[in-house]
Amino acid sequence: MAKKILVAYATRVGSTIEIAEAIAAVLQEWGVEVEVRSTHERLDIEHYDGVVLGSAIRMGHWLPEAVEFLQKHRQHLKTIPVAYFTACITMTEDTEENRETVLHYFDPVMQTVPEVRPISIGLFAGEIDTHKLGVMPRIAIKMIHAPVGDYRNWTKIRNWASVIAPQLMGEAEMMYP
């Protein structure tokens, strides 16, 4: 029987959904049954054999609904393989310094739900499309001089999904970050 994996995401304007869908497509190639769902949805995750959870970063933090998802489902999540990913404009330049910065954004997540240890953490650049943003976020983007555009590296995203696939299926040693 095929493993059933949930790819859950928290997003504000849609960039993270597309990353979740790309991850799911790779997992399906491995023969895994995959569902892509928003963390806003009411989900019964007890029937999933693994979870990939992703969130956009806003002001240096995971979106609250992603953290709430972890808190709500912590009992089941600590018993199955879980991987985290994030979409963050800081990763536009994939440097050691930027990776360390973005990994620190996970500190509050790890402190809130320490019993859920991810098998892997994917750090991906995101997209800023000012046409999808409200007035205040557009002003903030301009004030901090954030790069506008689509910086998602689809090859990197798909490669990461290929690495975590056997771990999610319980066919490889778990590699903690």
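The shown structure was predicted, so the numbers you read here are calculated from the model rather than taken from an experiment.

The next subject is the environment of threonine 79. Considering the arrangement of structural elements, one finds threonine 79 in the loop between helix H3 (74–77) and strand E5 (82–87). For threonine 79, a relative accessible area of 55% gives the class exposed. Expressed as a C-alpha distance, the spacing of threonine 79 and glutamate 115, which sit 36 residues apart in the sequence, is 9.4 Å.

Turning next to the nonpolar core. Trp62, Phe69, Leu70, Leu77 and Tyr84 are the most contacted members of the largest nonpolar core, which totals 31 residues. For this core, the secondary-structure elements that each account for two or more residues are strand E1 (4–10), strand E3 (50–58), helix H2 (64–72), E5 and strand E6 (120–124). In contact with tyrosine 84, not counting residues within four places along its chain, are Leu53, Trp62, Leu70, Phe106, Val109, Met110, Val116, Pro118, Ser120, Ile121, Gly122 and Trp160. One finds Val26, Ala83, Phe85 and Met169 within the second-largest nonpolar core, a separate group that totals 25 residues.

Turning our attention to the pattern of salt bridges. Considering all chains together, one arrives at 10 salt bridges under this definition. A salt bridge links lysine 4 to glutamate 33; the shortest N-O distance between them is 3.7 Å. Within this pair, whereas lysine 4 is found in strand E1, its partner glutamate 33 is found in strand E2 (residues 33–38), the two being separated by 29 residues in sequence. Given the relative accessible area of 16%, lysine 4 is considered buried. A salt bridge links aspartate 94 to arginine 99, with the shortest nitrogen-to-oxygen separation between them at 2.3 Å. The exposure class of arginine 99 is partly exposed, given its relative accessible area of 27%. What you see here is one network of salt bridges that share partners, running through Lys4, Glu33, Glu35, Arg37 and Glu41.

We now examine the pairing of E2. In this sheet, E2 lies alongside E1 in parallel orientation, the contact comprising 6 bridges. Bridge pairing in E2 links tyrosine 9 to serine 38. With helix H1 (residues 15–29) bridging E1 and its parallel neighbour E2, the resulting β-α-β unit is right-handed.

Once that is clear, we can look at H2. What H2 keeps buried is the set Glu65, Ala66, Val67, Phe69 and Leu70. Where H2 is buried, its residues meet E1, E3, strand E4 (61–62), H3, E5 and helix H5 (107–112).

With respect to the element layout, valine 51 can be found in strand E3. For the pair formed by valine 51 and leucine 168, sequence separation is 117 residues and the distance between their alpha carbons is 7.7 Å. Sequence-distant contacts of valine 51, that is, excluding residues within four places in its chain, are made with Ile5, Leu6, Phe69, Leu77, Ile80, Pro81, Val82, Ala83 and Leu168.

Let us look at the packing of aromatic side chains. In the structure shown here, the tally under the stated rule is 6 aromatic pairs. A centroid spacing of 6.2 Å and a plane angle of 45° characterise the contact between phenylalanine 85 and phenylalanine 124, whose relative ring orientation is tilted. With phenylalanine 85 in strand E5 and phenylalanine 124 in strand E6, the pair connects residues that are 39 residues apart, well separated along the chain. Centroid distance phenylalanine 124 to tryptophan 160: 5.5 Å. Interplanar angle 75°. Geometry classified as edge-to-face. With phenylalanine 124 in strand E6 and tryptophan 160 in helix H7 (residues 154–168), this pair connects stretches of sequence that are 36 residues apart. Residues phenylalanine 124 and tryptophan 160 agree in their burial class; the two are buried.

Cut-offs and rules
Residues numbered from 1 in each chain as written. Predicted model: local features only at pLDDT ≥ 70, side-chain atom pairs only at ≥ 80, totals over all residues. Heavy atoms only, no water. Helix = DSSP H or I, 4+ residues; strand = E, 2+ residues; numbered from the N terminus. Buried < 20%, exposed > 50% of the residue type's maximum accessible area, 1.4 Å probe, protein only. Core = buried A, V, L, I, M, F, W, Y, C linked by side-chain atoms within 4.5 Å. Contact = heavy atoms within 4.5 Å. Salt bridge = Lys/Arg side-chain N within 4 Å of Asp/Glu carboxyl O. Pairing = 2+ DSSP bridges. Right-handed = clockwise from strand over helix to strand, strands pointing away. Phe/Tyr/Trp six-rings, centres within 6.5 Å; stacked < 30°, edge-to-face > 60°.

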